[in-house]
Amino acid sequence: MIFDTLCIKICRSLIFFLITAVVFAVWNGTMTAIEIKNIVVQLVCVIIMGLTVMRFLLKEKISIRLDPIYIMAGLYGLILIGGYLGSTRSSLNYNNFIPQIYGLIIFFLISIYFTKEDIPNICFLLVITACIASLYGIIQFFCIDPVNWVNVDKPFNVISFFGHKNYFGLYLLLMLPLGIYLTFSSSSYTIKLVSALSSITMFFALIFSTSRGAIFSAIFVYSFSILSFWLIRRKKIQFKKILFSSGIVISFLIFLFIFIIPKESKDHFYDLANTNSNSPLSIRMSYYKSASEIILKKPYFGVGPGNFVISYPLNKKYKTLTHDPNLTLNHVHNDYLEIWVEYGIFALLLYLGILILFIKNNIAAFLKTGSLSQQLLHLTTASAVVGYLFYSTFTVAGRYMSSVFFLWIVLGIGYMGLRKKMGNVRPMTVKNKLYGESWATFVAGAVIVAIFGMMSKTAFCNYAADVWVHKASMYSLKNDYNRALICLDQAIALNNKVVDAFYQRGYVYYHLNKYDEAIESYNQVQSLAPNAVTIPFKKASCY
């Protein structure tokens, strides 16, 4: 009993630590490709999971909650793990495996260690950390960066402690509704005031970030949510009528575009979307077109995490580079297409099923409850997830711990708020056969923790390999090829299946006039990634 209580307190404290660490931990501002947050989350989660395993092994009966969201989340996690184990490209940093799988783990851990009564405390911690991050972002707007968080080699942007304005925008898109929830639901005037000021700070930081997708998503989703809440609270209109009216407006806009807008305007839009032009819209369209080509080849199980870059069918624009071998298109700029390309249609359906069912259950609970605080909780968590879903159409959020980690925390908070409303869901109770056998329990727990530890060691080695590859690319850009070669050798020693390391090493050897070694490195790329379309061209240039 004492061990169980101690484990609960330690694990809750570690989860609170993670919430702050994932906001503030950053790798010297140069983390557009590398996130030290991955490592922080992995280390702490291994400790929490080890303690959790020991807790459950010391119980006579183990209860497992069976409801659709839990089941789909579990199946989604299994598909992610299966896709990673079957992938030919084991480097973790350039795919969405680690952020997604540890996001899922955090979702389960929050639902295990916290109850509905803990929601205000978790939300307050999230809002305070978001306020600090927002204040730092606002300071950056005035070109002040006292702790040198922004990479000096890049244009100055409002990114706070995040590697890119879009990660920062996605983070604020998830946190701002929680600030609004506390502002109007807390019984403490101090918390109301702090939450209100934090929400205002987050709003201005979001505007200053110039993340267009996040700003547009926030305006669209929050306006709809506030209007719906006000109308329903005043008993002026039912939510179904609001949805119906929204459908009418959207249909009218589509009708307007098809039949009313002049042909010249429509032709201009189609020209922008033409994949042969260089406009931002046309470039995104080329990404989506290429993703659809890959999906048609492997629609059910995908090409594996991180393998979009070596399956990308277009090589005339992004794959024949002369200055930076790292500057290749390595994601689709659309979360849904990315999941479909890398994990297949079943993973995409499960992912969307989790989020849509979560939104549906929260909306249903919002309509049924008469409590103001409960209505706000359901509406704000659903709004945060809808905003994230909307913005994920235009960018890739699922591969970065900075954004996906907080998505699963919001899902965990919303799930706790739904617990009492899912009374028909009964937990499955499993008898623990090791109960009372202290030595057997200790051995079983040690084995499970050791397995987690070995998995984490592999993940850490892969992460370190990615760091060395990233450093090598920096040296290559400065034409310091000897140092780049040392970094690439370090990366390959840590993980001999990193395609990028061999690809860059071939590039470095070529510029050092070591053509035989360059060809050997390109042969390694072909053995690991048979579909890499540029390798024959690269090898030919060595003769």
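Definitions and limits used
- Residues numbered from 1 in each chain as written.
- Predicted model: local features only at pLDDT ≥ 70, side-chain atom pairs only at ≥ 80, totals over all residues.
- Heavy atoms only, no water.
- Helix = DSSP H or I, 4+ residues; strand = E, 2+ residues; numbered from the N terminus.
- Buried < 20%, exposed > 50% of the residue type's maximum accessible area, 1.4 Å probe, protein only.
- Areas by Shrake-Rupley, 256 points an atom, 1.4 Å probe, with all protein chains shown as cover.
- Core = buried A, V, L, I, M, F, W, Y, C linked by side-chain atoms within 4.5 Å.
- Contact = heavy atoms within 4.5 Å.
- Axes fitted to C-alpha atoms, helices over the stretch in contact; angles between N-to-C directions.
- Parallel < 35°, antiparallel > 145°, perpendicular 65-115°, else oblique.
- Left-handed = near helix turned anticlockwise from the far one by under 90°.
- Nonpolar A, V, L, I, M, F, W, Y, C, P; charged D, E, K, R; others polar.
- Salt bridge = Lys/Arg side-chain N within 4 Å of Asp/Glu carboxyl O.
- Phe/Tyr/Trp six-rings, centres within 6.5 Å; stacked < 30°, edge-to-face > 60°.
- pLDDT = per-residue confidence, 0-100.
- Expected span 1.5 Å × (residues − 1).
- Patch = residues over 30% accessible without salt bridge, like charges linked within 9 Å, V, L, I, M, F, W, Y side chains within 5 Å.

What is the right way to read the overall build of the protein chain from this model?
When helices and strands are tallied, the protein chain shows 21 helices and two strands. Counting over 543 residues, the protein chain shows a buried share of 52%. Surface accessibility of the protein chain: about 25,400 Å² in total, with carbon and sulfur atoms responsible for 67%.

Got a minute to help me understand the nonpolar core in this structure?
In globular proteins that are soluble, nonpolar side chains generally tend to be buried together. One finds Y76, Y171, M175, F406 and I413 to be the most contacted residues of the largest nonpolar core, which totals 106 residues. Those residues in contact with M175 that sit more than four places away from it in its chain are L126, A130, M202, F406 and V410. Counting residues in each nonpolar core, the second largest holds 25 residues, with I492, Y507, V525 and C542 among its members.

What is the right way to look at the packing of helix α3 (residues 68–85) against helix α4 (residues 97–113) in this model?
Relative orientation and spacing of two packed helices are given, respectively, by the angle between their axes and the distance between those axes. Between α3 and α4, the shortest axis-to-axis distance is 10 Å and the interhelical angle comes to 150°. The orientation of α3 with respect to α4, classified from their angle, is roughly antiparallel. Where α3 crosses over α4, the two elements pack in a sense that is left-handed. Contacts between α3 and α4 involve I69, Y70, A73, G74, Y76, G77, L80, I81 and Y84 on the former and, on the latter, F97, Q100, I101, L104, F107, F108 and S111. Class assignment for the residues of the contact of α3 with α4 results in twelve nonpolar, four polar and no charged.

What am I meant to see in the pattern of salt bridges here?
Two side chains that carry opposite charge are able to pair once their charged atoms sit near each other. If you walk through the whole model with that rule in mind, you get three salt bridges. Residues R12 and D118 are paired through a salt bridge, measuring 3.1 Å at the closest nitrogen-oxygen approach. Taken together, the residues span a long stretch of sequence, with R12 in helix α1 (residues 2–24) and D118 in the loop between α4 and α5 (119–141) at a distance of 106 residues. Between R483 and D480 there is a salt bridge, with its nearest N and O atoms 3.6 Å apart.

Explain the packing of aromatic side chains here, please?
What describes a pair of aromatic rings is the distance from one ring centre to the other and the angle between the planes of the rings. Inspection of every chain in the model, using the stated rule, returns 18 aromatic pairs. With 5.7 Å between their ring centres and 35° between their planes, Y76 and Y351 make a pair best called tilted. Pair noted here: Y76 is in helix α3 and Y351 is in helix α14 (residues 345–368), with a separation of 275 residues, a long-range link. Considered together, Y76 and Y351 belong to a single accessibility category, that of buried residues.

Got a minute to help me understand the confidence of the model for the protein chain in this structure?
In low-pLDDT segments, the atomic positions of the prediction should not be examined closely. Summing up the model confidence of the protein chain, the mean pLDDT is 76 and the portion of residues at 70 or higher is 71%. Confidence, read as mean pLDDT per element, is least for helix α10 (residues 263–273) in the protein chain (55) and greatest for helix α7 (residues 189–209) (92). pLDDT under 50 marks residues 28–33. Its contacts with residues more than four places away, or in other chains, come to 19 contacts.

Would you take a moment to explain the environment of K37 for this structure?
Mapped onto the elements, K37 comes out in helix α2 (residues 36–57). Judged by its relative accessible area of 0%, K37 is buried. Separated by 15 residues in the primary sequence, K37 and V22 place their C-alpha atoms 5.5 Å from one another.

Please explain the side chain of S198 as it appears in this structure.
Structurally, S198 can be placed in helix α7. For S198, a relative accessible area of 2% gives the class buried. S198 has contacts with V127 and C131, leaving out every residue within four places of it along the chain.

Hey, could you run me through unusual backbone geometry in this one?
Peptide bonds are mostly trans, and most non-glycine residues show a negative phi. Residue T210 is not a glycine yet carries a positive backbone phi of 55°. Turning to its location among the elements, T210 is positioned in the loop between α7 and α8 (212–233). Of the residues examined, T210 reaches a relative accessible area of 42% and is grouped as partly exposed. A positive phi angle is found at N479, which is not glycine, with a value near 65°. Checked against the element boundaries, N479 lands in the loop between α17 (438–477) and α18 (481–494). Judged by relative accessible area, N479 falls into the exposed class, the value being 56%.

Would you mind going over the environment of S13 with me for this structure?
Within the secondary structure, S13 is located in helix α1. A relative accessible area of 46% places S13 in the partly exposed class. For the pair S13 and I48, spaced 35 residues apart in sequence, the C-alpha to C-alpha distance is 9.9 Å.

Whenever I open this one, helix α15 (residues 372–391) confuses me. Can you help?
In an α-helix, one full turn covers 3.6 residues, which means residues spaced three or four apart are oriented alike. Between its first and last C-alpha atoms α15 spans 28 Å; for 20 residues at 1.5 Å apiece the expected length is 28 Å, and the two agree. Burial of α15 is extensive: 16 of the 20 residues sit out of reach of the surface.

Just to check I follow, could you spell out the packing of helix α13 (residues 335–343) against α14 for this structure?
Close contact between α13 and α14 brings their axes to 7 Å; oriented N to C, the two are set at 140°. For the element pair α13 / α14, the angle class is oblique. Where α13 approaches α14, its residues D335, Y336, I339, W340 and Y343 are matched on the opposing element by I345, A347, L348, Y351 and L352. Grouping the amino acids of the contact of α13 with α14 by side-chain chemistry returns nine nonpolar, no polar and one charged.

Would you take a moment to explain a nonpolar patch on the surface for this structure?
A cluster of nonpolar side chains, L193, L197, I200, F203, F204 and I207, forms an exposed patch at the surface whose accessible area comes to about 560 Å². Inspection of the secondary structure assignment puts I207 in helix α7. Relative accessible area serves as the criterion here: at 34%, I207 is assigned to the partly exposed category.

Hey, could you run me through the side chain of S199 in this one?
Checked against the element boundaries, S199 lands in helix α7. For S199, a relative accessible area of 9% puts it in the buried group. Look past the residues within four positions of S199 in its chain and what remains in contact with it is L176, G179, I180 and T183.

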